[in-house]
Every structure is written in structure tokens, then in C-alpha cells.
Amino acid sequence: MRARRPLVAGAATLVVAQVAVVVLRPRTRLPPAQPGLARPIDPGSYFTPDHLDRARRFRRPQAALGLATLAVEGGLLLALARGRGWAPWRRAGEPEARSSAADGLSDAVPDGPPSSTAPTPTPWLERHPLLAGAAAGATVTVAIGLAPLPLAALGRRRA
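Residues numbered from 1 in each chain as written. Predicted model: local features only at pLDDT ≥ 70, side-chain atom pairs only at ≥ 80, totals over all residues. Heavy atoms only, no water.

**So, the overall build of the protein chain**
Argument step 1. Counting its secondary structure elements, the protein chain contains five helices and two strands.
Argument step 2. Secondary structure elements in the protein chain, listed N-terminal to C-terminal, are α-α-β-β-α-α-α.
Argument step 3. Out of the 159 residues in the protein chain, the part that is buried amounts to 6%.
Argument step 4. Of the contacts formed within the protein chain by residues at least 6 apart in sequence, a portion of 61% connects residues at least 24 apart. (Helix = DSSP H or I, 4+ residues; strand = E, 2+ residues; numbered from the N terminus. Buried < 20%, exposed > 50% of the residue type's maximum accessible area, 1.4 Å probe, protein only. Contact = heavy atoms within 4.5 Å.)

Listed below in C-alpha cells is the structure:
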């Protein structure tokens, strides 16, 4: 049953997205375009050659900064996605859980023997998975917002 959860969640997301598209679609239709009415516009009739040259010189570095920002955000998301053992509630020095396929169990078992015979208290975020998910989402959102900040500042300074 656990293996189907991501599939069910993905299918539910697609259904909700399609319902939102249908509900939020504009109700009015635009008139069809008439080919003879649109005339090409010459930018030189509105701007001086100096302004056009300045716009061309501005466009390429800004596009490069935008692509660099995209690369930083994508790299950060990839690093977070590939960090398989990352869990915000795991204590430093605590062993990672691994699955035991040899005896057919799918539950996670800790590496090695327990450190003491007394039961350890369950971390707070582990007891509240909804809050753990919200904390992880907030962390990712803040990280994605802060990582490209120097590039955004540079682009704003250039503008």
C-alpha cells in the first residue's frame, strides 16, 4: 500500500490542477485575429539608435544573470533531493536507518546495537509528521529564496 501513495498523490494533484484550469478559465472569447490589420512596427521610429544599442547591451548580461539564478536554484533543489539520508529531526551522531531486505522486513532498523537499554524519547518532529513536512517545506522555500539573492542584487544594480 505504501508503494502506491506517491502514485495516488500524483494523480490527485493532476486531477486538482485540471479542475482548477477548467474553473479558472476565462469565460469570454477573444475575436479571431484578422491578418490584414496588424502592421509590423519599426522600433527605430520610436527610439533613437543609441537607445536601441543600449537595450541590446543590457539584455545579454541580464539574461545570463537569469540563467545563473536558475542554475543556482536548480542545483540547490538537486542537492536537497539527492540527500537521501537528510532528516531535520535526526540528532547529530545518530545512526541512519536502513531497510533490511535479507529477512524480508521493509521496516527500517538502526545500524548496530542500541546505545542503552532505556528507551530513547521520540523526537518531536518525528511524532508530528505534518509539522515536519511544513518545516521542511519552509526550509526549502527560504533556502531557494536566499541562495540566488546575490545574483538578484547584481541584476537590480545593473538595472
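That was the structure; now back to the text.
**Describing the pattern of salt bridges**
Argument step 1. On inspection of all chains with the given rule, the structure shows one salt bridge.
Argument step 2. Between aspartate 53 and arginine 57 there is a salt bridge, with its nearest N and O atoms 2.7 Å apart. Highlighted residues: aspartate 53 and arginine 57, both in helix H2 (residues 49-82), separated by four residues, approximately one helical turn.
Argument step 3. Accessibility expressed as a relative area gives 35% for aspartate 53, which makes it partly exposed. (Salt bridge = Lys/Arg side-chain N within 4 Å of Asp/Glu carboxyl O.)

**Section: a nonpolar patch on the surface**
Argument step 1. On the surface, Val15, Val19, Val23 and Leu24 cluster together into a nonpolar patch covering about 400 Å² of accessible area.
Argument step 2. Relative to the assigned elements, valine 23 resides in helix H1 (residues 5-24). (Patch = residues over 30% accessible without salt bridge, like charges linked within 9 Å, V, L, I, M, F, W, Y side chains within 5 Å. Areas by Shrake-Rupley, 256 points an atom, 1.4 Å probe, with all protein chains shown as cover.)

**Comments concerning the confidence of the model for the protein chain**
Argument step 1. Looking at the protein chain, the pLDDT average stands at 79 and 73% of residues meet or exceed 70.
Argument step 2. Taking the mean pLDDT of every element in the protein chain, the minimum, 50, falls on strand E1 (residues 97-99) and the maximum, 94, on helix H5 (residues 149-158).
Argument step 3. This stretch, residues 99-106, has a pLDDT under 50; its non-local contacts, to residues over four places away or in other chains, come to four contacts. (pLDDT = per-residue confidence, 0-100.)

**With respect to the packing of H2 against helix H4 (residues 129-146)**
Argument step 1. Put simply, H2 and H4 touch, their axes get as near as 9 Å, and they point 150° apart. Classified by the interaxial angle, the pair formed by H2 and H4 is roughly antiparallel. Taken as a pair, H2 and H4 cross one another with a handedness that is right-handed. Across the interface between the two elements, Glu73, Leu76, Leu77 and Leu80 from H2 touch Val140, Ala143 and Ile144 from H4. (Axes fitted to C-alpha atoms, helices over the stretch in contact; angles between N-to-C directions. Parallel < 35°, antiparallel > 145°, perpendicular 65-115°, else oblique. Left-handed = near helix turned anticlockwise from the far one by under 90°.)

**Some details on the side chain of threonine 69**
Argument step 1. Inspection of the secondary structure puts threonine 69 in helix H2.
Argument step 2. Setting aside its immediate chain neighbours within four residues, threonine 69 contacts Pro148 and Leu151.

**Quick look at the packing of H2 against H5**
Argument step 1. Where H2 contacts H5, the axes come no closer than 10 Å and their chain directions differ by 165°. One element, H2, and the other, H5, form an angle in the roughly antiparallel class. For the element pair H2 and H5, the recorded crossing hand is left-handed. Seen from H2, the contacting residues are Arg57, Phe58, Pro61, Gln62, Leu65, Ala68, Thr69 and Val72; seen from H5, they are Leu151, Leu154, Gly155 and Arg158.
Argument step 2. Residue classes in the contact of H2 with H5 are distributed as seven nonpolar, three polar and two charged. (Nonpolar A, V, L, I, M, F, W, Y, C, P; charged D, E, K, R; others polar.)

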